[in-house]
Amino acid sequence: MTQIDSAALIQAHPIVGELIALKETSWFNPQFTTLAEGLPYVGLGQQDIAAAHARLQRFAPYLAQAFEDTAASGGIIESPLEPIPAMQRVLEQRLGQPINGALWLKKDSHLPISGSIKARGGIYEVLVHAEKLALDAGLLQEGDDYAKLLTPALRDFFGQYRIAVGSTGNLGMSIGIMGARLGFHVTVHMSADARAWKKARLRAHGVTVVEYQEDYGVAVEQGRKAAQGDPRCLFIDDENSRTLFLGYAVAGERLKAQLQAQGTRVDRDHPLFVYLPCGVGGGPGGVAFGLKMALGDHVHCFFAEPTHSPCMTLGISTGLHDAIAVQDIGIDNVTAADGLAVGRASGFVGRAMQRLIDGCYTLSDESMYDMLGWLSAAENIQLEPSALAGMAGPQRVCASAYYQRLHGLSAGQMQNATHLVWATGGGMVPPEEMAGYLSKGRVRG
Ligand SMILES: *Cc1c(COP(=O)(O)O)cnc(C)c1O
């Protein structure tokens with residue numbers, strides 16, 4: 001355990017004082033660089049993303065048959081992009097801050113198979129593993145129709161292998177459902193904040209769920225331990241996985257095509273601001289990486305965290321990354337935003353992305369519940385609390401003369417901006433659970 005001197009840390013990084021006070025606060029990265037300068041620190045490049053694209057393409061015929069809800073898109077797991085003008089007006093009125101430009105929603109909440117952003121990274125990592133095992137065993141060739149993975153012979157083959165993962169809920173759902181469908185034995189180590197319905201759904205898919213009274217960090221450690229010394233068990237390491245990261249990064253090219261299809265430009269005079277809810281960092285980090293690679297320096301990426309779990313804001317702003325946890329400065333890591341209930345950020349993502357992330361901010365659970373209700377009333381879109389974290393971002397950027405100056409953004413450019421809130425989950429929340437969420441907002445939309 002590191003000993004953290006909070007007073008010294010606050011002295012050097014005033015933002016830490018705001019985090020300890022559990023204030024809703026914003027941190028704009030003074031050390032942001034261009035993609036060209038930041039890329040070497042990521043250690044991954046265009047060819048890695050292209051390989052991930054190609055792999056997902058190979059699996060598409062399989063996925064289209066294995067999961068009915070991917071059939072319409074030919075086995076490609078992608079989410080809709082929608083304008084939310086009514087929500088934009090509600091936010092402007094409620095928060096007393098105009099949002100320059102147009103507000104859009106990226107509905108990863110409605111991704112097939114698991115209804116969250118984890119359907120990108122989690123599923124991708126399982127597919128990478130399955131493909132490697134089957135290729136090595138000579139049971140599959142890259143040119144094959146991967147629908148053959150549905151045959152009993154292949155399912156029996158995967159049945160000799162195990163997958164383990166620690167999760168606050170959604171990662172377990174994605175890996176569990178995908179892994180079990182292929183034939184693997186999957187064990188998900190669930191932290192205390194994981195919702196009961198997610199555990200029940202996993203068990204219904206034949207996944208073993210181990211429950212902990214502790215938080216995400218403990219669930220991951222237990223998963224890691226259980227997998228150790230078992231050569232037939234893959235431990236999916238959410239804190240360090242490059243594979244997960246690449247699964248998320250594929251979103252960049254996909255979004256670029258969606259923006260083009262609906263006529264939205266991204267260039268110097270038309271900046272794109274993207275607001276990504278952040279837990280351990282793999283999801284938002286991978287998506288941000290993919291977006292910068294696909295769209296360049298005029299896409300600005302912000303990570304959004306609960307005031308009680310600001311691990312990435314803390315790690316990046318201090319440069320301590322995974323050498324510090326929110327608990328080290330007296331923050332409890334207790335939040336209704338279960339997907340974001342992470343006390344220690346991924347060291348890999350923090351270091352890889354510290355020059356490419358444009359800022360981080362925090363918001364309270366109450367704010368997430370308020371906006372959950374406003375979105376439901378204004379647009380009839382229902383999300384889980386975590387997925388609302390991005391919704392506070394446009395005000396933060398539009399209200400910050402400092403940020404706009406730092407990036408040389410004029411009023412005219414701001415007026416042309418697109419603000420994209422990444423809705424990361426909630427599409428599969430049962431109605432009675434959703435009614436509970438909707439009852440929590442303080443101010444009705
Ligand atoms: C996991 C998750 C996130 C954040 O992803 P990380 O990779 O943990 O940073 C955001 N929203 C939801 C709903 C999630 O499940």
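Residues numbered from 1 in each chain as written. Predicted model: local features only at pLDDT ≥ 70, side-chain atom pairs only at ≥ 80, totals over all residues. Heavy atoms only, no water.

- In the annotation of an unreviewed UniProt entry, the entry for the protein chain reads Probable D-serine dehydratase, and the organism field reads Kerstersia gyiorum.
- UniProt annotates the protein chain under Cofactor (unreviewed entry) with the comment "pyridoxal 5'-phosphate". (UniProt positions renumbered as here; feature names shortened; annotations may be inferred.)

1. Brief notes about the overall build of the protein chain
- Secondary structure summary: the protein chain contains 20 helices and eleven strands in total.
- Taking 2.2 N^0.38 as the reference for a compact globule, 445 residues should give roughly 22 Å; the C-alpha atoms of the protein chain span a radius of gyration of 21 Å, in line with that estimate.
- A principal-axis box enclosing the C-alpha atoms of the protein chain has dimensions of 60 × 50 × 45 Å.
- Among the 445 residues that make up the protein chain, the fraction classed as buried is 60%.
- Relative to all contacts within the protein chain whose residues are 6 or more apart in sequence, the contacts with residues 24 or more apart total 76%.
- Within the structure as shown, the protein chain displays about 16200 Å² of accessible surface, and the carbon and sulfur contribution to it stands at 51%.
- For the protein chain, the separation between the mean place of its 36 positive charges and that of its 44 negative charges on side chains is 2 Å. (Helix = DSSP H or I, 4+ residues; strand = E, 2+ residues; numbered from the N terminus. Rg over C-alpha atoms; globule rule 2.2 N^0.38 Å. Buried < 20%, exposed > 50% of the residue type's maximum accessible area, 1.4 Å probe, protein only. Contact = heavy atoms within 4.5 Å. Areas by Shrake-Rupley, 256 points an atom, 1.4 Å probe, with all protein chains shown as cover. Lys, Arg positive; Asp, Glu negative; His and termini not counted. Charge placed at Lys NZ, Arg CZ, Asp CG, Glu CD.)

2. Digging into the nonpolar core
- Membership of the largest hydrophobic core comes to 103 residues, with the highest contact counts inside it found for F158, L182, F184, M353 and W422.
- The element that contributes the greatest number of residues to this core is helix α6 (residues 118–136), accounting for eight residues.
- Each of domain 1 (6–114 + 243–439) and domain 2 (117–240) contributes no fewer than three residues to this core.
- One finds I99, F273, Y361 and L383 within the second-largest nonpolar core, a separate group that totals 42 residues. (Core = buried A, V, L, I, M, F, W, Y, C linked by side-chain atoms within 4.5 Å. Domains from an automatic or database assignment.)

3. Points about the state of the cysteines
- For the structure on display, the rule yields zero disulfides.
- No disulfide involves C398; its sulfur sits 16 Å from that of C301, the nearest cysteine. (Disulfide = S-S within 2.5 Å.)

4. Here's the deal with the domain arrangement of the protein chain
- Per the domain assignment, the segments making up the protein chain are domain 1 (6–114 + 243–439) and domain 2 (117–240).
- Centre-to-centre, using C-alpha coordinates, domain 1 lies 25 Å away from domain 2.
- Taken together, the contacts link 48 residues of domain 1 with 39 residues of domain 2.
- Interface area for domain 1 against domain 2, summed over the two sides, is near 3900 Å², with a carbon-plus-sulfur share of 61%.
- Viewed at the interface, domain 2 and domain 1 are joined by eight salt bridges.
- Note that R195 and E433 form a salt bridge whose closest N and O atoms lie 2.6 Å from each other.
- The tally of links from domain 1 across to domain 2 stands at 18 residue pairs in polar contact (both at pLDDT 80 or more).
- Contributing elements (two or more residues each) for the side of domain 1 that touches domain 2: α4 (46–66), α11 (242–249), α12 (251–261), α13 (282–295), α15 (347–353) and α20 (431–438).
- When its residues are assigned to classes, the side of domain 1 that touches domain 2 shows 27 nonpolar, twelve polar and nine charged. (Buried area = accessible area lost by both parts, 1.4 Å probe. Salt bridge = Lys/Arg side-chain N within 4 Å of Asp/Glu carboxyl O. Polar contact = N/O pair within 3.5 Å; in protein donor to acceptor, adjacent residues only side chain to side chain. Nonpolar A, V, L, I, M, F, W, Y, C, P; charged D, E, K, R; others polar.)

5. Digging into the sheet that holds strand β5 (residues 185–190)
- Judged by pairing direction, the sheet is parallel, and its four strands sit side by side in the order β6-β5-β4-β7 without closing on themselves. The sheet is open, and its two borders are formed by β6 (208–211) and β7 (233–236), each paired with just one other strand. Each strand of the sheet is rotated relative to its neighbour by a mean of 20°, with strand direction disregarded.
- Where β5 meets β6, four bridges bridge the pair, whose relative direction is parallel. Its bridge partner lying in β6, T187 is registered against T208.
- Along the sheet face, helix α10 (residues 216–227) touches β4 (162–167), β5 and β7 and points at about 165° away from the line of β4. (Pairing = 2+ DSSP bridges. Axes fitted to C-alpha atoms, helices over the stretch in contact; angles between N-to-C directions.)

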